[in-house]
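Here is what each chain is made of, one letter per residue.
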Amino acid sequence: QVQLVESGGGLRQTGGSLRLSCTVSGLTFSRWAMAWVRQAPGKEREFVALIKADYTTLYSDSVKGRFTISRDNAWSTVYLQLNSLKPEDTAVYYCAARVRVSDEPDSAVLYDYWGRGAQVTVSS
């Protein structure tokens, strides 16, 4: 049984920082690309960042330079460091896994497995 469990969400003020973690079990973590996707109230899911099995990273333009995705294969965990937070970053952040990224690497939906999400709220 594959499980993705997010942690680290919370409330921050504008300009603050936060680190999300996602621990994965039930699959060979090192072979999978991992991503963070977010969904704000009343909006569609939005791609945030992806890290491939070879550690190559991809970011959306809205978070590039502020957020950093990383992975620790020894702990089967992917991280998202969120800096210089803005109110528009408020959303539920989902961890997601996909084995192939050749098609639409910045997709917000093409994933094999999902976590339940972690709420990030940024106050102005």
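Now for a look at the structure at hand. (Residues numbered from 1 in each chain as written. Predicted model: local features only at pLDDT ≥ 70, side-chain atom pairs only at ≥ 80, totals over all residues. Heavy atoms only, no water.)

With respect to the pairing of strand 5 (residues 46-51)
At step 1: Counting buried positions along strand 5 yields five of six residues, so the element is predominantly enclosed.
At step 2: Between the antiparallel neighbours strand 4 (residues 33-39) and strand 5 lie six residues, among them Gly42 with a positive phi of about 75°.
At step 3: If you look at the hairpin formed by strand 5 and strand 6 (residues 57-59), you'll find five residues sitting between the two strands, and Tyr55 has a positive phi there, around 75°. (Buried < 20%, exposed > 50% of the residue type's maximum accessible area, 1.4 Å probe, protein only. Helix = DSSP H or I, 4+ residues; strand = E, 2+ residues; numbered from the N terminus. Pairing = 2+ DSSP bridges.)

Some details on the pairing of strand 4
At step 1: Counting buried residues along strand 4, six of its seven residues qualify, which places the element largely inside the surrounding structure.
At step 2: With seven bridges joining them, strand 4 and strand 9 (residues 91-98) adopt antiparallel strand pairing. Bridge assignment links Val37 to a residue of strand 9, and that residue is Tyr94.
At step 3: Inspection of the sheet shows strand 4 paired to strand 5 by five bridges, in the antiparallel sense. Across the sheet, Ala35 pairs through a bridge with Leu50, a residue of strand 5.

Comments concerning the packing of aromatic side chains
At step 1: Evaluation of the coordinates by the stated rule reveals three aromatic pairs.
At step 2: Of the aromatic side chains, those joined through ring pairs into one cluster are Tyr94, Tyr111 and Trp114.
At step 3: The positively charged end of Arg45 is found above the aromatic ring belonging to Tyr94, 4.0 Å away from the centroid.
At step 4: Above the face of the Phe29 ring, Arg71 is positioned so that its terminal group lies 4.5 Å from the ring centre. (Phe/Tyr/Trp six-rings, centres within 6.5 Å; stacked < 30°, edge-to-face > 60°. Lys NZ or Arg CZ within 6 Å of the ring centre and 35° of its normal.)

Any link to function would need more than the numbers given here.
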